[in-house]
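Given next are the chains, with one letter for each unit.
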Amino acid sequence: MPKSILISRGLSPEALTLIPKDVTVDLNGHELALSPQELRSRLRGKAGLICQITDTIDDEVLATPGLKVVSNIAVGYNNIDVAAAKRRGVTVTNTPDVLTETTADFAWTLLMATARRVVEADRYARSGQWTSWKWDLLWGADVHGKTLGVIGFGRIGRAVARRAHGFNMRVLYHDTHRVSPDVERELNATYVDQATLLRDADFVTLHVLLSADTQHLIDERALRGMKKTAILVNAARGPIVDEAALARALREKWIAAAGLDVFEEEPKIHPELLPLTNVVMAPHIASASLETRVAMSTLAVQNCLAVLDGKAALTPVS
Ligand code: GLV
């Protein structure tokens, strides 16, 4: 049977060139994601799907006859019904590792930008209001020597923690499992329960997968358990934070500020966050360096081709 794949939306040219000539490619070259109906209809007759987090891969999509592999260009895969895929014998793959360091860099970018009010400073510098040096202009918070709290101590969480060493910070972490004593020693990280982490950290950064267990992990109660001077960073998934509660927390100063790359209902942003100056926002770009986006799409293509060739995927979702 001839091999054919659907690429739901754009792909780097470097990755496209890896696809051999005998594989038929249906590429959605448009800016916009396919609607669920278009996705289902264009997937008919295809054995592989290379998709993105904006595509909902539910049981109906997975029921496509002959579909063997769904290759997500992302490390997170909450857009895919993995249990249904397993039931139907469809392999699901993601793109871990290649984006770890870039995503950790960006969590730090948000942390620093928020602590030192870089976005407000940029607006001020451009606005014409800057008429002389002022000793009390745009005071922010020190980062060095403070306490970093990492919730979710997988690859990305650990990469974020590793960077704290250069800032001479204390590192606390929380996860469902403790890492090995060797890793704790290497990263100088102390395991604590979540309430302790929220209570003691100056910066709380989230690196858990989105699941029923982590949805609204940071809710009103969690936010009220943080320091008034604390800064929250979310470069994981929007629904991990109750955005309405966060907007209140930022407005009423239960916490000092937040740096957000992800939102509950992307691309919508909670309207109460928009007017606040103590939040730095980005449009879900944590892994968006040129090198990493090429590496992610290359890995997604390799995963898809491996399964179509009857081989094991490089990075299957277990
Ligand atoms: C992006 O959000 C990813 O999960 O890789």
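Criteria and thresholds
Residues numbered from 1 in each chain as written. Predicted model: local features only at pLDDT ≥ 70, side-chain atom pairs only at ≥ 80, totals over all residues. Heavy atoms only, no water. Pairing = 2+ DSSP bridges. Helix = DSSP H or I, 4+ residues; strand = E, 2+ residues; numbered from the N terminus. Axes fitted to C-alpha atoms, helices over the stretch in contact; angles between N-to-C directions. Contact = heavy atoms within 4.5 Å. Near = heavy atom within 4 Å. Polar contact = N/O pair within 3.5 Å; in protein donor to acceptor, adjacent residues only side chain to side chain. Areas by Shrake-Rupley, 256 points an atom, 1.4 Å probe, with all protein chains shown as cover. Nonpolar A, V, L, I, M, F, W, Y, C, P; charged D, E, K, R; others polar.

**Student:** Would you explain the sheet that holds strand β9 (residues 203-206) in this entry?
**Tutor:** For sheets, the rule is that strands pair by backbone hydrogen bonds, running either parallel or antiparallel. Taken together, the seven strands give an open sheet; going across it, the order is β8-β7-β6-β9-β10-β11-β12, and neighbouring strands pair in parallel fashion. Of all strands in the sheet, those with a lone pairing partner are β8 (189-191) and β12 (279-281), marking the two edges. Going across the sheet, the axis of each strand differs from the next one's by a mean of 20°, ignoring polarity. Pairing geometry for strand β11 (residues 257-260) and β12, over three bridges, is parallel. Across the sheet, residue L260 finds its bridge partner in β12, namely M281. Against the sheet, helix α5 (residues 100-115) makes contact with β6 (147-151), β9, β10 (231-234), β11 and β12, and its axis sits at roughly 150° relative to β10, the strand it touches most. Relative to β11, helix α11 (residues 243-251) is tilted by about 140°, and along the sheet it contacts β10, β11 and β12.

**Student:** Help me understand the sheet that holds strand β5 (residues 91-93) in this model?
**Tutor:** Reading across from one edge, β2-β1-β3-β4-β5 is the order of the five strands in this open sheet, with parallel pairing throughout. Strands with a single pairing partner mark the edges of an open sheet, and in this sheet they are β2 (23-27) and β5. When strand polarity is set aside, the average angle formed by the axes of neighbouring strands in this sheet is 15°. Bridge count between strand β1 (residues 3-7) and β2: five bridges; the pairing is parallel. Looking at the pairing, K3 lines up with V23 of β2. Across the face of the sheet, helix α12 (residues 290-308) comes into contact with β1, β2, β3 (48-51), β4 (69-72) and β5 while running at roughly 170° to β4.

**Student:** Where do I start with the site of the ligand in this structure?
**Tutor:** The environment of the ligand is made up of A74, V75, G76, L99, R237 and H284. A distance of 2.8 Å separates an oxygen atom of the ligand from a polar backbone atom of V75. Protein chains shield 87% of the accessible area of the ligand, which is 200 Å² for the free molecule. Looking at the shell around the ligand residue by residue, the classes come out as three nonpolar, two polar and one charged.

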